[in-house]
Amino acid sequence: MVPRAQFQDYYGKPVIKPPAWSARDIAGYFFLGGLAGAGSALAAGAHLTGRTSTATALKFSSLGGVSLATAALIHDLGRPARFTHMLRVFKPTSPMSVGSWLLALYGPTAGAAAVSAATGLMPRAGAVATAGAGLLGPAVATYTAVLAADTAVPAWHGAHRELPYLFAASATAAASGMALAAGPLRENAPARCAAALSATADFVADRAVERRLGMVAETLRTGRAGRLRRAARVLTVAGAASAALWGHRSRPAAVAGGLALLAGSACTRFAVFAAGIASATDPVYTVAPQQARLDEQARLDERAGLDERAGSGELGG
């Protein structure tokens, strides 16, 4: 029989074309979009429960986040027309199309909520805008994970089920950090709770991504991605612990915990981005997982064939 083909690369060249995205622009876009979206959801809750100072701070941070995220996206695209051209059609099966429309709807809504909170004008319209931004916020915070996972990049596509949960947890950590840093002590109980829950969820989702990726998870543990990921873990845990232990009675502790959570969230997004680039540039991470899946399918087919033969009486005495 002809021996089974072994992995060969193209003289060390990548099998797939690595993304041409800028780390500063797109990883920053991932982080800022998550901060904005989750911040609007927390702002809606703060507005509803009468925590007006925290709600106003979060509304402004969400407006600033989505504005900077859009600017980073347009900068990476090269010219503004490329963003507006994506709004010519709406394609529900395209994460890029859905994300463009989300930004186009969310940005003005978040802006209206912030302007109303700052000026005190049209409070009812401001409340409606706050609720609208709060409803759109979770999608804005997580759609970038779907967008990345829809590519052929091994470290992103391989974790397409778990990556949105990691982005959701990271975004919530960033938003709760902003609430702790910018809101008064008397209003930060929900933010402290959100910080603890998001830190736990972030750890669980991160481990789930690592398990799902298998050998491709090496790109998360080594190099630039590994350093950023370790920093993210330390900062997120330290921020949540500072908020839980001292954030209710010490303003410096609340601010320090909030800033650590923000930095941890940013490191998570940049780590995921760096791991994706590393997995795309090394051909082994493209071919080896495919070979492993083929081998597993061959074993299952062989086992099914043996079971079928045993059932038909072809095996045995």
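As a reminder, the structure under discussion sits directly above these lines.
Residues numbered from 1 in each chain as written. Predicted model: local features only at pLDDT ≥ 70, side-chain atom pairs only at ≥ 80, totals over all residues. Heavy atoms only, no water.

Caption draft 1: Fine view of the overall build of the protein. A count of helices and strands for the protein gives 12 helices and zero strands. The helix and strand sequence of the protein, counted from the amino end, reads α-α-α-α-α-α-α-α-α-α-α-α. Across the 317 residues that make up the protein, the buried fraction comes to 44%. Relative to all contacts within the protein whose residues are 6 or more apart in sequence, the contacts with residues 24 or more apart total 76%. Per element, the accessible surface of the protein, about 15,900 Å² overall, is 64% carbon and sulfur. (Helix = DSSP H or I, 4+ residues; strand = E, 2+ residues; numbered from the N terminus. Buried < 20%, exposed > 50% of the residue type's maximum accessible area, 1.4 Å probe, protein only. Contact = heavy atoms within 4.5 Å. Areas by Shrake-Rupley, 256 points an atom, 1.4 Å probe, with all protein chains shown as cover.)

Caption draft 2: Local environment of the nonpolar core. The biggest cluster of nonpolar side chains holds 48 residues, and the ones touching the most others in it are Tyr 29, Phe 30, Phe 31, Leu 103, Tyr 106, Trp 156 and Leu 213. Sequence-distant contacts of Phe 30, defined by excluding residues within four places in its chain, comprise Thr 144, Ala 148, Phe 167, Arg 269 and Phe 273. Grouped together as the second largest cluster of nonpolar side chains are 11 residues, Leu 58, Ala 173, Ala 191 and Ala 240 included. (Core = buried A, V, L, I, M, F, W, Y, C linked by side-chain atoms within 4.5 Å.)

Caption draft 3: A look at the layout of surface pockets. Roughly 400 Å³ of volume is contained in the largest pocket. Lining the largest pocket are 18 residues; nearest its centre among them are Pro 154, Gly 158, Val 216, Pro 289 and Arg 293. If you tally residues by element for the lining of the largest pocket, the top one is helix H12 (residues 284-312), at five residues. Among the residues making up the lining of the largest pocket, the classes are represented as nine nonpolar, six polar and three charged. The space that makes up the second largest pocket amounts to roughly 200 Å³. Lining the second largest pocket are 20 residues; nearest its centre among them are Leu 166, Asp 202, Asp 206, Arg 229 and Thr 268. Of the residues that constitute the lining of the second largest pocket, the class distribution is 14 nonpolar, two polar and four charged. (1 Å grid on protein atoms, 1.4 Å probe; cavity = no way out; pocket = protein on both sides within 12 Å on 5 of 7 lines; lining within 4 Å. Points joined across faces, edges and corners; volume = space filled by probe spheres on them. Nonpolar A, V, L, I, M, F, W, Y, C, P; charged D, E, K, R; others polar.)

Caption draft 4: Seen up close, the side chain of Asp 206. Along the polypeptide, Asp 206 turns up in helix H8 (residues 189-213). The buried category is assigned to Asp 206, whose relative accessible area is 9%. Beyond its immediate chain neighbours, meaning those up to four positions away, Asp 206 contacts Leu 166, Arg 229 and Arg 233.

Caption draft 5: Looking closely at unusual backbone geometry. Positive phi values are uncommon outside glycine, yet Met 122 reaches one of about 50°. One can find Met 122 in the loop between helix H4 (95-119) and helix H5 (123-149). With a relative accessible area of 62%, Met 122 lands in the exposed category.

Caption draft 6: Focus on helix H1 (residues 23-48). Under the 1.5 Å per step criterion, the end-to-end length of H1 is 37 Å for 26 residues, consistent within 8% with the ideal 38 Å. Looking at the residues trailing H1, positive phi occurs at Gly 50, about 80°. (Expected span 1.5 Å × (residues − 1).)

Caption draft 7: Expanded view of the packing of H5 against helix H7 (residues 163-182). As a packed pair, H5 and H7 sit with axes 8 Å apart at the nearest point and diverge in direction by 145°. Note on packing geometry: the crossing formed by H5 with H7 is right-handed. Two secondary-structure elements touch here, H5 through Ala 141, Thr 142, Thr 144, Ala 145 and Val 146 and H7 through Leu 163, Pro 164, Phe 167, Ala 168 and Ala 171. (Axes fitted to C-alpha atoms, helices over the stretch in contact; angles between N-to-C directions. Left-handed = near helix turned anticlockwise from the far one by under 90°.)

Caption draft 8: Highlighting empty space enclosed by the protein. According to the stated counting rule, one finds one cavity of 30 Å³ or more in the structure shown. A volume near 50 Å³ is recorded for the largest cavity. Ser 40, Ala 43, Leu 58, Lys 59, Ser 62, Ala 110, Ala 113, Thr 130 and Ala 133 together form the lining of the largest cavity. The set of elements that each furnish at least two residues to the lining of the largest cavity consists of H1, helix H2 (52-77), H4 and H5. Among the elements that take part in the lining of the largest cavity, H2 stands out by supplying three residues, more than any other. Here the lining of the largest cavity is composed, by residue class, of five nonpolar, three polar and one charged.

Caption draft 9: A look at the environment of Arg 207. Along the polypeptide, Arg 207 turns up in helix H8. Each C-alpha atom of the pair Arg 207 and Glu 162 lies 9.5 Å from the other, and the pair is 45 residues apart in sequence.

Caption draft 10: Inspection of the packing of aromatic side chains at higher detail. Under the definition given, this model contains four aromatic pairs. Taken together, a centroid distance of 5.9 Å and an interplanar angle of 40° make the contact between Trp 156 and Phe 273 tilted. Placement of Trp 156 in helix H6 (residues 154-157) and of Phe 273 in helix H11 (residues 251-281) is noted, with a sequence separation of 117 residues between them. Look at Trp 156 and you get buried, because its relative accessible area is 0%. Here the aromatic cluster, defined as three or more aromatic residues joined through ring pairs, consists of Trp 21, Trp 156 and Phe 273. The residue whose ring lies beneath Arg 269 is Phe 167, and the NZ or CZ to ring-centre distance is 4.1 Å. (Phe/Tyr/Trp six-rings, centres within 6.5 Å; stacked < 30°, edge-to-face > 60°. Lys NZ or Arg CZ within 6 Å of the ring centre and 35° of its normal.)

Caption draft 11: How the structure looks around the side chain of Ser 61. With respect to the helices and strands, Ser 61 occurs in helix H2. Residue Ser 61 is classed as buried on the basis of its relative accessible area, which comes to 13%. Within the structure, Ser 61 has its side chain in polar contact with the backbone oxygen of Leu 58 (distance 2.9 Å). (Polar contact = N/O pair within 3.5 Å; in protein donor to acceptor, adjacent residues only side chain to side chain.)

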